[in-house]
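Letter by letter, the chains look like this.
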Amino acid sequence: MDTLASWNQTNQPARNVASLVKGLQVIWQVIQDALSHWTIADPYVLVYDTDENSKKQTYTRQWVIWHLIEHDLHHGGELSFTLGMHGLTGIDI
């Protein structure tokens, strides 16, 4: 995960398909591992983050997981739309 954390920083190289796929597999494995051992109460545990203005943000684990899913769905739709524009079959979401 540490390697993936730097992907959005400036001056990072363009990623090839294989590295993007590997990155998605790593991220979803982390999520699957967490969900497989969480109790019914764990999704409601609060997590904290600090934004670029040093303001502390509070989220539930449930919100973070859903945000990742909706993010992937959004970009999956973009990919499917782009593939369709080129006469190719879209991805199965």
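Residues numbered from 1 in each chain as written. Predicted model: local features only at pLDDT ≥ 70, side-chain atom pairs only at ≥ 80, totals over all residues. Heavy atoms only, no water.

Re the layout of surface pockets
Here is step 1 of the chain: One number sums up the size of the largest pocket: a volume of about 1,200 Å³.
Here is step 2 of the chain: As for the largest pocket, its lining consists of 25 residues, and the residues nearest its centre are Leu 24, Ile 27, Leu 68, His 71 and Asp 72.
Here is step 3 of the chain: Every element with two or more residues in the lining of the largest pocket is listed here: helix 1 (2–5), helix 2 (17–37), strand 1 (46–50) and helix 3 (61–85).
Here is step 4 of the chain: Counting residues per element, the lining of the largest pocket draws most heavily on helix 3, at 10 residues.
Here is step 5 of the chain: Each residue belonging to the lining of the largest pocket can be placed in one class, and the counts come to 16 nonpolar, six polar and three charged. (1 Å grid on protein atoms, 1.4 Å probe; cavity = no way out; pocket = protein on both sides within 12 Å on 5 of 7 lines; lining within 4 Å. Points joined across faces, edges and corners; volume = space filled by probe spheres on them. Helix = DSSP H or I, 4+ residues; strand = E, 2+ residues; numbered from the N terminus. Nonpolar A, V, L, I, M, F, W, Y, C, P; charged D, E, K, R; others polar.)

Overview of the confidence of the model for the chain
Here is step 1 of the chain: Across the chain, pLDDT averages 88, with 99% of residues at or above 70.
Here is step 2 of the chain: Per-element confidence in the chain ranges from a low mean pLDDT of 81 for helix 1 to a high of 91 for strand 2 (residues 56–60). (pLDDT = per-residue confidence, 0-100.)

Brief notes about the pairing of strand 2
Here is step 1 of the chain: Both strand 1 and strand 2 contribute to a ladder of five bridges, which runs antiparallel. Within strand 2, the residue paired with Val 47 across the bridge is Tyr 59.
Here is step 2 of the chain: What sits between strand 1 and strand 2 in their antiparallel hairpin is a turn of five residues, with Ser 54 showing a positive phi close to 65 degrees. (Pairing = 2+ DSSP bridges.)

A short note on the packing of helix 2 against helix 3
Packed helices, taken two at a time, are described by their axes: the angle between them and the distance between them.
Here is step 1 of the chain: Running from N to C, helix 2 and helix 3 point in directions that differ by 150 degrees, and their axes come no closer than 12 Å. One finds that helix 2 runs roughly antiparallel with respect to helix 3. In this structure, the crossing between helix 2 and helix 3 has a hand that is left-handed. Counting all contacts with helix 2, which are made through Leu 24, Trp 28 and Ile 31, the residues of helix 3 involved are Ile 65, Leu 68, Ile 69 and Asp 72.
Here is step 2 of the chain: Of the residues in the contact of helix 2 with helix 3, the class split is six nonpolar, no polar and one charged. (Axes fitted to C-alpha atoms, helices over the stretch in contact; angles between N-to-C directions. Parallel < 35°, antiparallel > 145°, perpendicular 65-115°, else oblique. Left-handed = near helix turned anticlockwise from the far one by under 90°. Contact = heavy atoms within 4.5 Å.)

Details of unusual backbone geometry
Here is step 1 of the chain: Unlike most non-glycine residues, Asn 11 shows phi in positive territory, near 65 degrees.
Here is step 2 of the chain: Tracing the backbone through its elements, the reader meets Asn 11 in the loop between helix 1 and helix 2.
Here is step 3 of the chain: Its identity as a non-glycine residue notwithstanding, Ser 54 has a phi of 65 degrees, on the positive side.

Let's talk about the pattern of salt bridges
Here is step 1 of the chain: In this structure the tally under the stated criterion is one salt bridge.
Here is step 2 of the chain: In this structure, Arg 61 and Asp 42 form a salt bridge, with 3.8 Å as the shortest nitrogen-oxygen distance. Residue Arg 61 is found in helix 3, and its partner Asp 42 is found in the loop between helix 2 and strand 1; the two are separated by 19 residues along the sequence.
Here is step 3 of the chain: According to the relative accessible area criterion, Arg 61 is partly exposed, its value standing at 26%.
Here is step 4 of the chain: Taking the relative accessible area as the measure of exposure, Asp 42 reaches 18% and is therefore buried. (Salt bridge = Lys/Arg side-chain N within 4 Å of Asp/Glu carboxyl O. Buried < 20%, exposed > 50% of the residue type's maximum accessible area, 1.4 Å probe, protein only.)

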